[in-house]
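Architecture at a glance
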Protein chains: 2
Amino acid sequence: MKTLRPPKTTRRSVFRDRREKIYDWMSREGIALLAVEDTEGRRDPSLRWLSGLPSDGILFLSVERHSLLAAWDLNLASIHADAEHLLPYSDFKRRPMEALRSAAVMLKIPPGSRLEISPSTPYPLFLDYVGNIGDFDILCRREGAWQEMEQLRALKDEGEITLIRKGAEATNSLLRLLEKQIRSGKIKTEADAALLIEAECRKLGCEGTGFETLAAGPERSFAIHSFPPYTASPFGSRGLSILDFGLRMGGYSTDVTMTIARDCSPAQEKILSLTEKAYDLALSMVKNGESTRNIAAAVDRFFARSKQFMPHALGHGIGLEEHEQPPIRNRDDNQWVLAPGMIFTLEPGLYDPVLGGCRLENDILLGEKGPEVLTEARILRL
Amino acid sequence: MKTLRPPKTTRRSVFRDRREKIYDWMSREGIALLAVEDTEGRRDPSLRWLSGLPSDGILFLSVERHSLLAAWDLNLASIHADAEHLLPYSDFKRRPMEALRSAAVMLKIPPGSRLEISPSTPYPLFLDYVGNIGDFDILCRREGAWQEMEQLRALKDEGEITLIRKGAEATNSLLRLLEKQIRSGKIKTEADAALLIEAECRKLGCEGTGFETLAAGPERSFAIHSFPPYTASPFGSRGLSILDFGLRMGGYSTDVTMTIARDCSPAQEKILSLTEKAYDLALSMVKNGESTRNIAAAVDRFFARSKQFMPHALGHGIGLEEHEQPPIRNRDDNQWVLAPGMIFTLEPGLYDPVLGGCRLENDILLGEKGPEVLTEARILRL
């Protein structure tokens, strides 16, 4: 049996601080071991949040306050990861079951203990765990450790707010450059706009874009999410064009949408103006203690009065994931209430197969003194 | 209760042909209803394979040979999707449970029937299904419909082979352009290489890249998958640089890796030469009926004789997914055997924190007469 060497000093204390919060929670809840896996097909940003490793690994946390990380790529993990013990996944035959079994032994978890795995675990894999690790009580539930991490991750800490602010500055600088190049005619196609973002964001110190940029010219803007995401079609030409992008800085991504409206008809101007008013209405409701469902419902009612319908949610939290908590969504299972430290989008939009689509999206930080709009996207009328 | 209108004529028969195969299988297996969902966090290319819709929808297939598609974005689905009945997801309150319940009624599925959902369904969601749709027997298993679809999807049909051939032609044209610009010094950084691919692939008629391009210059090539995927660092300079990319044509992505080796040391030349020999060895073993595990094991043994270790699988099938069946991997749970119609990568590589990394990856079609190497990536010595 492998034995663990004494832990190395951990370098980045932000990850240790987060793990301490989880250890406290495990202690309260009687969970002996937590397994956080990020792998192809089942990404889990909690791995990065707890260890700094951007992807591809399993982190084990024990209630005795020890951390063990099995990494697909040890070279990469040596640079990025913060954990007491770092081992190559090949030590566990590259199998999650083997890794969990060995980690339980290495971390001295007593038989009969409660082990928690992610609520995204597929049912057949859950059965494997239960069948193969019979000495333990395997928990896989929405309301457990992952809900706790969702709650913690929804309230950004100082380091996270700093990263998103930096990302927002880079985003704003790109929005200005995009406007300039659209006005000057240098950007003529969807690909021109999207590739400018790809090139410039790296010069601005970003890891890259947060998700695939959606650039949809007048022929394609009727779709909420254009497919393909961008093409060689005209962009910023007569009609409505949508540009939806985010920049990732230290793992955290912004998310903005600008609409470019050139030589609009009165019918197009009407949906633009309704979208702007919906945005202002939503922003005016942002305050500590407000239900996010209420905000989204107010916007839905506002659109309904003009016989319009928004076919998506009003917004969502941002952070390590493209979409995270809180949802800003009018659905009866949404119980989220705004609190200081939350960062989220507001993104009303209207879409019509003939007129085209428009959306206005910015990132909002709710501070102790109220909302702060971090990004400067707007509807650009030409 | 909603009633279904008479079906529209379906336009693209390739999707109908695939559904017919699944209907036959459902009939044999006694499955009354199949639900295929693609959504954020749980992508399932089977949706596109069966309906043409690239993403974001639930497709229901009944054993009575009817198809009903609930699409997140009806505008987009009207263009891309092929199904008898197309409805907006908002008709089902945008909830999978509601959609399944309604679809069972609309498609007249008798109570007590067997309904199958994806084996990627998380355990808590599976419990929801069982608790809320009690009239039916809900199956969620690896060895069911999804295994059947994996088997079918691993053997590409003519339309799929044509698309991958087109993608391979575009890939080869880009490989030539990349070599030219690396030799001329026009490509100086990782971002130069990656952004050239983003820009050119759209001119070549591709939907985009198949996955995020990995461009790692000599300082970063030691990692299997560089992080961030590409930066403003030097590329193609003294040492080993890796460029791993794929082009997506009609949904199907190629996957190639070229290594650029400039002014190499004898130790670097040694791992390059071993990688090339491993590639040749693997290719020489490709034939109808060969076990893919055998091929991967032979390469592992070949490297071991030189005291080298490849920290990843030898290859994988390509298609609608970045990685699909068959795996070319030396693991005892790999039972796959090569058959005509399979298209897969061979991608031996070696990585060293000091020397850097190298990988050589091409896409192979196994035809009736033997293997055909579709792409032209190689190790480029400068």
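The rules we used
The numbers attached to residues start from 1 for each chain and follow its sequence in the written order. All chains are assigned letters beginning at A, and all ligands numbers beginning at 1, according to the order in which they are written. Given that the model is predicted, a residue must reach a pLDDT of at least 70 before its local features are reported, and side-chain atom pairs must reach 80 or more before they are shown or counted; all residues, however, enter totals for whole chains, interfaces and linings. Derived side-chain values reflect all non-hydrogen atoms in the structure, with water molecules and hydrogen atoms excluded from consideration. Two strands form a pair only when DSSP identifies at least two bridges running between them. A run of H or I in DSSP becomes a helix once it reaches four residues, and a run of E becomes a strand once it reaches two; helices and strands are each numbered from the N terminus. Axes here mean lines fitted to C-alpha atoms, for a helix over just the part in contact, with angles spanning 0 to 180 degrees between N-to-C directions. For this analysis, residues touch if any pair of their heavy atoms sits within 4.5 Å. Where a domain begins and ends is set by an automatic assignment or by a domain database. Each of two parts loses accessible area, computed with a 1.4 Å probe, when they are put together; buried area is these two losses added. Whenever Lys or Arg places a side-chain nitrogen within 4 Å of a carboxyl oxygen from Asp or Glu, that contact is recorded as a salt bridge. The buried label goes to any residue with under 20% of its type's maximum accessible area, the exposed label to any with over 50%, and the partly exposed label to all in between, with areas taken from a 1.4 Å probe on protein chains only. Pairing of aromatic rings covers Phe, Tyr and Trp, the last counted by its six-membered ring, and requires centre-to-centre distances within 6.5 Å; plane angles under 30 degrees mean stacked, over 60 mean edge-to-face, and any other angle means tilted. pLDDT gives the predictor's per-residue confidence on a scale running from 0 to 100. For this overlay, a least-squares fit was computed on C-alpha atoms, restricted to residues scoring pLDDT of at least 70 in both copies. Pairs of N or O atoms within 3.5 Å make up the polar contacts considered here, provided that, within protein, one atom can donate a hydrogen while the other can accept it, and that residues adjacent in sequence are counted only when both atoms are side-chain atoms. Buried residues of nine kinds, namely Ala, Val, Leu, Ile, Met, Phe, Trp, Tyr and Cys, make up a nonpolar core once their side-chain atoms join them within 4.5 Å.

It is worth spelling out the pairing of strand β16 (residues 349–352) of chain A at this point. Residues and elements named next belong to chain A. As judged from the four bridges shared by β16 and strand β17 (residues 356–359), these two strands associate in the antiparallel manner. In the sheet register, Gly349 faces β17, and the bridge partner there is Arg359. Hairpin connection between β16 and β17: a loop of three residues separates the two successive antiparallel strands.

The next point concerns the sheet that holds strand β9 (residues 239–245) of chain B. Residues and elements named next belong to chain B. Ordered in space as β8-β9-β12-β20, the four strands form an open sheet in which the pairing is mixed. What marks the edges here is a single partner per strand, and that holds for β8 (214–216) and β20 (379–381). In this sheet, adjacent strand axes meet at a mean angle of 15° when their direction is disregarded. Inspection of the sheet shows β8 paired to β9 by three bridges, in the antiparallel sense. The residue bridging Ala215 from the neighbouring strand is Leu243, located in β9. Helix-sheet contacts for helix α9 (residues 266–284) involve β9, β12 (256–262) and β20, and the interaxial angle to β20 is about 145°.

Interface size is often expressed as the accessible area that is lost when the parts come together. All names here are of chain A. Each assigned domain of chain A is listed here: domain 1 (13–153) and domain 2 (155–381). Computed from C-alpha coordinates alone, the two centres of domain 1 and domain 2 are separated by 34 Å. Taken together, the nine residues of domain 1 in the interface contact 13 residues of domain 2. Between domain 1 and domain 2, roughly 940 Å² of surface is buried when both sides are summed, and carbon and sulfur atoms account for 40% of that area. With a shortest N-O distance of 2.6 Å, Glu207 and Arg48 are connected by a salt bridge. When contributions to the side of domain 1 that touches domain 2 are tallied by element, the ones reaching two or more residues are α1 (13–29), α2 (46–51) and α6 (145–154). For the side of domain 1 that touches domain 2, the element with the most residues is α6, which contributes four residues.

Turning next to the sheet that holds strand β10 (residues 247–249) of chain A. Spatially, β7-β10-β11 (chain A) is the arrangement adopted by the three strands of the open sheet, whose pairing is antiparallel. With partners counted over all chains shown, the strands left at the sheet margins are β7 (208–209) and β11 (252–253) of chain A, one partner each.

Turning to the side chain of A:Thr171, a few remarks are in order. Residues and elements named next belong to chain A. Relative to the helices and strands, Thr171 resides in helix α7 (residues 158–184). Taking the relative accessible area as the measure of exposure, Thr171 reaches 0% and is therefore buried. Discounting chain neighbours no more than four positions away, the residues touching Thr171 are Phe245, Leu247, Thr254, Val256 and Thr375.

With that settled, consider helix α5 (residues 123–132) of chain A. Owing to its 3.6 residues per turn, the α-helix aligns residues three or four sequence positions apart on the same side. Within α5(A), burial applies to A:Tyr123, A:Pro124, A:Leu125, A:Phe126 and A:Tyr129. Looking at the buried positions of α5(A), the neighbouring elements they touch are β1 (33–38), α4 (96–106) and β6 (137–139) of chain A together with α5 (123–132) and β6 (137–140) of chain B.

The next point concerns the packing of aromatic side chains. Applying the stated criterion to the full structure yields seven aromatic pairs over all chains. Judged by centre distance (3.8 Å) and plane angle (15°), the rings of A:Tyr123 and B:Phe126 are stacked. Of this pair, A:Tyr123 sits in helix α5 while B:Phe126 is found in helix α5, placing the two residues in two different chains. Of the residues examined, A:Tyr123 reaches a relative accessible area of 17% and is grouped as buried.

This next bit is on the confidence of the model for chain A. Detailed reading of the predicted coordinates is not advisable wherever pLDDT falls low. When pLDDT is averaged across chain A, the result is 94; 97% of the residues are at 70 or more. Model confidence for the complex: the whole-complex pTM is 0.90, and ipTM, which rates the interface, is 0.89.

Superposing chain A onto chain B requires a rotation of 180° together with a translation of 0.0 Å along the rotation axis, leaving an RMSD of 0.0 Å. Put plainly, the chains are arranged around a two-fold axis.

With that settled, consider the environment of B:Asn294. Residue and element names in this part refer to chain B. Tracing the sequence through the fold places Asn294 in helix α10 (residues 292–305). Judged by its relative accessible area of 41%, Asn294 is partly exposed. Distance in space between the C-alpha atoms of Asn294 and Trp336 is 9.9 Å, their sequence separation being 42 residues.

This part takes up the interface of chain A and chain B. At the interface, 51 residues of chain A touch 51 residues of chain B. Joining chain A to chain B, the criterion identifies eight salt bridges. A salt bridge links A:Arg202 to B:Glu212, with the nearest nitrogen and oxygen atoms 3.9 Å apart. For the pair chain A and chain B, the number of links is 18 residue pairs in polar contact (both at pLDDT 80 or more). Only α3 (74–80), α5 and α8 (190–203) of chain A provide two or more residues apiece to the side of chain A that touches chain B.

A:Phe60, A:Leu100, B:Phe60 and B:Leu100 are the most contacted members of the largest nonpolar core, which has 56 residues in total. Setting aside residues no more than four positions away along its own chain, B:Leu100 makes contact with B:Leu33, B:Ala35, B:Phe60, B:Leu115, B:Tyr129, B:Ile133 and B:Ile138. In terms of nonpolar packing, the next biggest core, distinct from the first, is built from 32 residues, A:Ile22, A:Met26, A:Ala71 and A:Leu139 among them.

All told, the structure shown has 62 salt bridges over all chains when counted by the stated rule. Residues A:Arg202 and A:Glu198 are paired through a salt bridge, measuring 3.0 Å at the closest nitrogen-oxygen approach. Residue A:Arg202 and its partner A:Glu198 are both found in helix α8; the two are separated by four residues, about one turn of the helix. A:Asp332 serves as the salt-bridge partner of B:Arg95, at 2.6 Å between the closest nitrogen and oxygen. In this pair, B:Arg95 is assigned in the loop between β4 (85–88) and α4 (96–106) and A:Asp332 in the loop between β14 (324–328) and β15 (343–346), connecting two distinct chains. Among the residues examined, A:Asp332 registers a relative accessible area of 47% and is labelled partly exposed. Residues joined by salt bridges that share partners form a network here, namely A:Arg95, B:Arg331, B:Asp332 and B:Asp333.

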